[in-house]
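# Survey of secondary and tertiary structure
This is what each chain is made of:
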Amino acid sequence: MQGRRVRRRSVPRGWGGVTGMAAACVLTATATLVPLSLGAAGPEDFGQPTGQGVVTASPVKADTCKDPEASLQPSSAGGPTIDRIKKAGRLVVGVDQNSYRWGYRDPASGTLEGFDIDLVRAIAKNILGDPDKVTYRAIPTNQRIEALQNDKVDIVVRTMTINCARISQVAFSTAYFQAGQQVLAPKDSTITGYNDTLRGKRVCTATGSTAYDALKQKSFGAIFADTPTEQRTVPNQLDCLVRIQLGLVDAVVTDNALAAGQAAQDPAVALKGEPFTTEYYGVATKLGHDDLVRRINQVLVDYRRGGADSPWMQAYNEWLAADMKGISGPPPPKYR
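Read on for a plain summary of the structure. (Residues numbered from 1 in each chain as written. Predicted model: local features only at pLDDT ≥ 70, side-chain atom pairs only at ≥ 80, totals over all residues. Heavy atoms only, no water.)

## Notes on the side chain of T210
Mapped onto the fold, T210 is located in helix α5 (residues 210-217). In this structure T210 comes out as buried when scored by relative accessible area, which is 12%. With residues up to four places along the chain from it excluded, the contact list for T210 reads T161, N163, R166, Q181, D255 and E279. (Helix = DSSP H or I, 4+ residues; strand = E, 2+ residues; numbered from the N terminus. Buried < 20%, exposed > 50% of the residue type's maximum accessible area, 1.4 Å probe, protein only. Contact = heavy atoms within 4.5 Å.)

Okay, structure coming up:
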């Protein structure tokens, strides 16, 4: 990939790697990360404000949704949202800094790394001509939509599943990765997958995740809801791995893409069974920012182009191939 960085790779393992990665918060000179605190901070706390874009698109109703992955046609044209980002001089992006392989802070270099971060850099380079003109904002799973709706970020690139419920709240690009829900548990656990072996087991999920929704529909007797004395839903997926390590839960249900990264961090846990859903990740934007959606879709056209030598495959080989083997390419785009 032209312009890709040469990285010094380090592999956080076990307790030390998890806690070190979760605690790290280093600011770089060109690409900065600031925590998101919705409702508590004013515009001055977030640098250049993203502005109050006028919503012109009609949200898709979840009850009439048939193909949520279908997005707007790609375009390299400008528009009001693109112009505002160019005037600000930075792309403000909601990301994860705790998902190994996807969006995490490398403890050796102090920089944000991962598959999602490479895509962010490609979008920034296309719009602003510089992959480093990015302000990263660490966003918990359950604040991704609110951050977009409240103009705290321009886009969210954070392993975010496209589904019918969400497309009534935010707009998505075409899908850039296919994943599925799966169970993560200690290797010596009697849990074998998303089945009756979960009965009576304490299961951790991220608040606002599709994993929690799946358990609400069918739990197999798993104990996954919070109680006044026990917390089983957490702001970030990495917290679930820590809770397994502390013996506070017996398993995690999450996207297999994230679970594979957690298994790579801690050799004492493993993916159990097979994925039981099919889900697609997309870049999320605020409803009505159609010019930005179309531009991102054009970036993704270029990102997929080139077969085995495409930027997408280069990112996959660097970040994901070791833990998610056998993927031959990105999901094909769908347009409406």
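Further notes follow.
## Quick look at the sheet that holds strand β4 (residues 98-99)
Taken together, three strands build an open sheet; the order of strands is β4-β5-β6 and the sheet is antiparallel. Each edge of the sheet is formed by a strand with only one pairing partner; in this case those strands are β4 and β6 (112-113). Relative to β6, strand β5 (residues 103-105) is paired through two bridges, and the arrangement is antiparallel. For Y104, the partnering residue across the bridge sits in β6 and is E113. (Pairing = 2+ DSSP bridges.)

## Comments concerning the nonpolar core
The biggest cluster of nonpolar side chains holds 42 residues, and the ones touching the most others in it are W102, F115, I123, I155, Y176 and F177. Elements with a contribution of two residues or more to this core: α2 (80-88), β3 (91-95), α3 (115-128), β7 (134-138), β10 (177-179), α7 (256-265), α8 (290-304) and α9 (311-319). Considering every element that reaches this core, the biggest residue donor is α3, with eight residues. Excluding residues that lie within four positions of it along the chain, I123 makes contacts with L91, I155, V283, I296 and V299. (Core = buried A, V, L, I, M, F, W, Y, C linked by side-chain atoms within 4.5 Å.)

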